[in-house]
Structures are given as structure tokens and as C-alpha cells.
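Each chain, letter by letter, is given below.
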Protein chains: 2
Amino acid sequence: MQPLSERDYIQQLSIDCVIFGYQDKQLKVLSPKLDFKGDFWALPGGFIHQQESIHEAAFRILEDRTGIRDIYLEQFRVFGDAERSNVQFMGRLVELNREKFDSHLFNRKEFEWLTRRFVSIGYYALVDINKVVPRKNDIDESIDWYPIKALPTMIMDHNEIVEKALETLRANLDQKLIAFNLLPETFTMKDLQELYEAIFDKPFARNNFQKKMLDLNVLERLEKKYTGAANKAPYLYRFQQQAPLLEAV
Amino acid sequence: MQPLSERDYIQQLSIDCVIFGYQDKQLKVLSPKLDFKGDFWALPGGFIHQQESIHEAAFRILEDRTGIRDIYLEQFRVFGDAERSNVQFMGRLVELNREKFDSHLFNRKEFEWLTRRFVSIGYYALVDINKVVPRKNDIDESIDWYPIKALPTMIMDHNEIVEKALETLRANLDQKLIAFNLLPETFTMKDLQELYEAIFDKPFARNNFQKKMLDLNVLERLEKKYTGAANKAPYLYRFQQQAPLLEAV
DNA sequence: TCCCTATTGTCTATTTTTTAGACAATAATT
DNA sequence: AATTATTGTCTAAAAAATAGACAATAGGGA
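Residues numbered from 1 in each chain as written. Chains lettered and ligands numbered in written order. Predicted model: local features only at pLDDT ≥ 70, side-chain atom pairs only at ≥ 80, totals over all residues.

Side note on the environment of Glu99(B)
As for its position among the elements, Glu99(B) is in helix α3 (residues 98–102). Sequence separation between Glu99(B) and Glu56(B) is 43 residues, and the spatial gap between their C-alpha atoms is 37 Å. (Helix = DSSP H or I, 4+ residues; strand = E, 2+ residues; numbered from the N terminus.)

Listed below in C-alpha cells is the structure:
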């Protein structure tokens, strides 16, 4: 494989993706752990080819790590502090992994390329966690879902990026009707409510939540779901894709 | 002056600023016209030094064009299509201005630098139009305020950038209480309402608008403004800077 | 089979917020 | 002092959000 520094990327510009999933009543984020001594976690990220749009680049990075392409994806913020670079984390990494660097894993040019200042475009993605088979990179030891409330400390400003992504998700949730991207195709009203509660980290009133969701007119009611529990069986619902409104000319 | 291509900028990354002002009951945008034959308008923009944050760069660009530094400024979106470059507009510009290019205004290297693909970070700014003395660049013929409803056709995707900026402004206006940045320090309730009407391009009910604004608890009522008109004199108000809420630790 | 329990779906009452209508106050002008 | 065009604010009506209540029901257990 060509070394990073010689590939045809836009210089000093990167993309970091906060990939949200939902499982066990918890909002989770996908994070690879680097295959080096020292417990380095990061956000899935990458660089932008000269001949692809930033949106395409984000989709490519996402597909590489999740195996799926049909994903809700939105840019939310640019992180561009002057001091924003890998230099500190790379220093620690090299220090703890001298033996690897004696081999030719990174050459000097590669190292310099990686430790320059980077401006990073933050994207967040919403996925059905069951559809995703997380994939390791060449440099990953593992890749796992972490509850947003128990994220490991990540490199650089990646924890801050997750925070800002969550803020944006909360702000957009009602506006854009995107929560459904985190659920499987069919779900009960309780599933949906618990998802909202996980995202906003606060309880909602069951009766009013149901009314609010039904009043959106985007839910199609399907058959009942018999759980085996000794109580009334809940209906299953499916998100009904909205016909896009005609925009003013 | 050093040619662009040799200055210490981040490559292929730019900033474009939509500077909003308010005058004559109209929302306006500041746009320089380039000093070339062919009527080329653009958004004020620039590049990012290696040793400055993107936010600092945006402030610098703004100060260069408006003379003021204390400005409401917010990034709102990244424009990163693969085909996004000056190449088309530079082609036309060169064609129409051959005589200038026979001199050494741009050298070949400079031209290549400028016509590469650029990813641009969109910022929007809100200014008190009376405090601004628009300043030309080296390459500007003039710089003026244009009503948002009568903007000239600008180079590249700059008209689209303005549209997205306006969308964001509308979405943020109530949330963040930022409208006041467009007004002078003191203003009447009618001034404020007309500003809202200009931004949203729709009328508001006077009684309810006044109630809503007063209920925000951010307006300090000052003395009356005697206009000389044969009717009740309106109060002047001042935006009362909010004490920042304590954030959860 | 028949009650019991936990949960679901929905209805109604209450409260809050938004919108619409009305009117007194007032700064010149006549 | 009456007139006029605005301004500031109040109240009524409508709409939306919140809280409380209850019937329906899928099993479980006597």
C-alpha cells in the first residue's frame, strides 16, 4: 500500500466521524482501538481524495468501518484550532512502541505528514447497530461500540467532537425526524421512547410521547408484537418515508 | 507582497464569509467586486495561516473588510464538492483581462495555486452596518452592501453559500438571541420587529411580537425617542448582555 | 375457566403558550 | 381642546403541551 504521505489527499484536512448506534437502551459510539501499546482510542476518520467530495469521503470512511453505505450522515462542525495536531499523541505512541518504529511501519516522511496540523470536518452518522459489522483498519487492534456515558478517553480532541455531535443530534432530532435511523425497521412505541430517553438522557411521559409521535404522521402501524409477557401486546410501527415537500421556486 | 502560493497557508482550504448588515429595512450582504473586466462579485474570503485557528482566520478576514473586530461570527457549513474550484471563473477572468495577465500580476505558479480545488468553510457574521467602513482589497474594484433580495450573481457557489447562511441565521435567531448584533446599541421595538420581518421575509403581529421580545428578559428599556411625529413616542431599548449560565460540571 | 397483573392505547381535564382583538396613552398638529 | 397616528398593554380565544384516568388485553396462576 502506498504510504499516506504520497497518496493523493487534500493536505492537512481530515474527516472524523461520530457513528451513533443504539443498543441495550444506550446510545453508543463506534470507536477503534489502535494496534499499539498504550490504549489509544480514536474516532473513525480519514482523508479526502482530490477527486471526491467531502461528503463522498465521509461515506467512504463510514463504509470502510461499518460495511454499510446507506446511512444517515451529516456534517456538523469544523475543528480547526491552531494547535490541533497529532504531534502529542504520536509522541507518546512512538515512545511506547519503539520496536514497531524500528521496522518500516512508518517512515520519516509519513510521520511528518501525520503530525502536521490538521483541520477536521466533523460528521455524525446514525446507523441501525444490527446492520453494522464493525471492521478493523490496518492499524486497529479492535473496533467496538462504547456507551456514550462510558466512552474511553480518546486521542486529540475526539471526546470533544463526540460531545458536539451529541449536541447537534439533540438539536436536530425533532426537526428532522432522524431518530428512526437508529432503530431497526420495525419497533414498538416503547422502543422509540427509550431511544429518545437515551439520547436526551431524561424521561418522557408515555401518554404524551405516544401522542406526539403519532401526530407526526410518519408512523405506519403494523401487526402486534406478542412478547410472551402477561400484558397487552404493543403494536409494531414502521417509519413511513415522507414525500419530500415541494420547495418554493 | 509575497505571492499567495508561497505564503504559509493551509493548502486547498479557504474561508468564505457572509457578512450580514441591516439598513433601510433590508437585510444586506457585503460583497466586493473584483478589479477586472467582467463584473465579478465574490464573498469576502481568505486562507488560513499555519499558526492561526480557523476562527482567528475568519476574524482576520472580517477585520480586513469591515475594520471592526468585535463581531458576531459563526461557522455554519463546509462546501466541499469535488469540482469546487476557481478554474471556471479564473478562465473567464483571464480571457476578459488578457492585458493584465501579460504584466506580472499573477504568475503561472500563482494561477495554478488559485485554480486548484478548494474546500471552503462558510462563516456568517452579523454587524451593525453603521460601524463598518468597508475596505477594498488589492484586487477589488469596489466593495458594497447588497440587499439579500437583489444580490448580484457571484462567482463559484457563493450565491448558494449566502442562501445556506440565511437558512442558518433564521434557524438560530430565536435560539441564540443574536438579532441584536445587527442593530445599533439602542433601538425601538418597531426597529426590532422590522429587522425580524426583513430576516424572515414575513410580517409579525405587533402586539405579540412586543410581548415575546419583552418576555425574553434581555431588553433594557431606556428613555423615549421623540421623533417629532404626531403620536406616542416609542421607548428605546438596549440589549442587556446575559450573564452566561453556569454550565453543569 | 376465571380472576389477577402489568402494560398499552387513548381519552379527558388542566395548564401553559400562542394568537387575535381591543383600547387607553400620548406626541404633535390643527 | 379636538384630531390623528402610533405605541404599550390588557383580555379573550384558540392551540398546544402536560397531567391524570381508565378501558383493553396477553398471559399467569388459582
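Quick word on the interface of chain B and chain A
At the junction of the two partners, chain B supplies 17 residues and chain A supplies 17 residues. Counting only elements with at least two residues in the side of chain B that touches chain A, the list comes to β1 (9–23), β4 (72–79) and β5 (119–126) of chain B. For the side of chain B that touches chain A, the element with the highest residue contribution is β1(B), accounting for four residues. Taken together, the residues that form the side of chain B that touches chain A break down as seven nonpolar, seven polar and three charged. (Contact = placed C-beta atoms within 7 Å. Nonpolar A, V, L, I, M, F, W, Y, C, P; charged D, E, K, R; others polar.)

Some words on helix α1 (residues 54–66) of chain B
Residues and elements named next belong to chain B. Along its 13 residues, α1 runs 18 Å from first to last C-alpha, staying within 8% of the 18 Å computed at 1.5 Å per residue. The complete set of buried residues in α1 reads Ile54, Ala57, Ala58, Ile61, Leu62, Arg65 and Thr66. Looking down the long axis of α1, one finds its buried residues gathered within 145° of arc, a one-sided arrangement. Just downstream of α1 lies Gly67, where phi reads positive at about 80°. (Expected span 1.5 Å × (residues − 1). Buried ≥ 20, exposed ≤ 12 C-beta atoms within 10 Å, placed from the backbone. Arc of directions from axis to C-beta.)

A closer look at the nonpolar core
Among the nonpolar cores identified, the biggest contains 96 residues, and Cys17(A), Val18(A), Phe20(A), Cys17(B), Val18(B) and Phe20(B) are the most heavily contacted of them. Not counting the four nearest positions on each side in its chain, Cys17(B) is found in contact with Leu43(B), Pro44(B), Gly45(B), Ala58(B), Ile61(B), Leu62(B), Tyr123(B) and Ala125(B). (Core = buried A, V, L, I, M, F, W, Y, C linked by C-beta atoms within 7 Å.)

Looking at the sheet that holds strand β8 (residues 219–224) of chain B
Residue and element names in this part refer to chain B. The three strands are arranged β7-β9-β8 in an open sheet whose pairing can be described as antiparallel. The sheet is open, and its two borders are formed by β7 (186–188) and β8, each paired with just one other strand. With direction set aside, neighbouring strand axes in the sheet form an average angle of 40°. Note: β8 against strand β9 (residues 235–239), four bridges, orientation antiparallel. For Leu219, the partnering residue across the bridge sits in β9 and is Phe239. Its contacts with the sheet place helix α6 (residues 189–200) against β7 and β9, and it is angled at close to 85° to β7. (Pairing = 2+ DSSP bridges. Axes fitted to C-alpha atoms, helices over the stretch in contact; angles between N-to-C directions.)

Remarks on the packing of α6(B) against helix α7 (residues 206–215) of chain B
All names here are of chain B. One can describe the packing of α6 onto α7 by two numbers: an axis separation of 10 Å at closest approach and a directional angle of 100°. Taken together, α6 and α7 sit at an angle that is classed as roughly perpendicular. In this structure, α6 contributes Met189, Leu192 and Gln193 to the contact, and α7 contributes Arg206, Phe209, Gln210 and Met213. Each residue belonging to the contact of α6 with α7 can be placed in one class, and the counts come to four nonpolar, two polar and one charged. (Parallel < 35°, antiparallel > 145°, perpendicular 65-115°, else oblique.)

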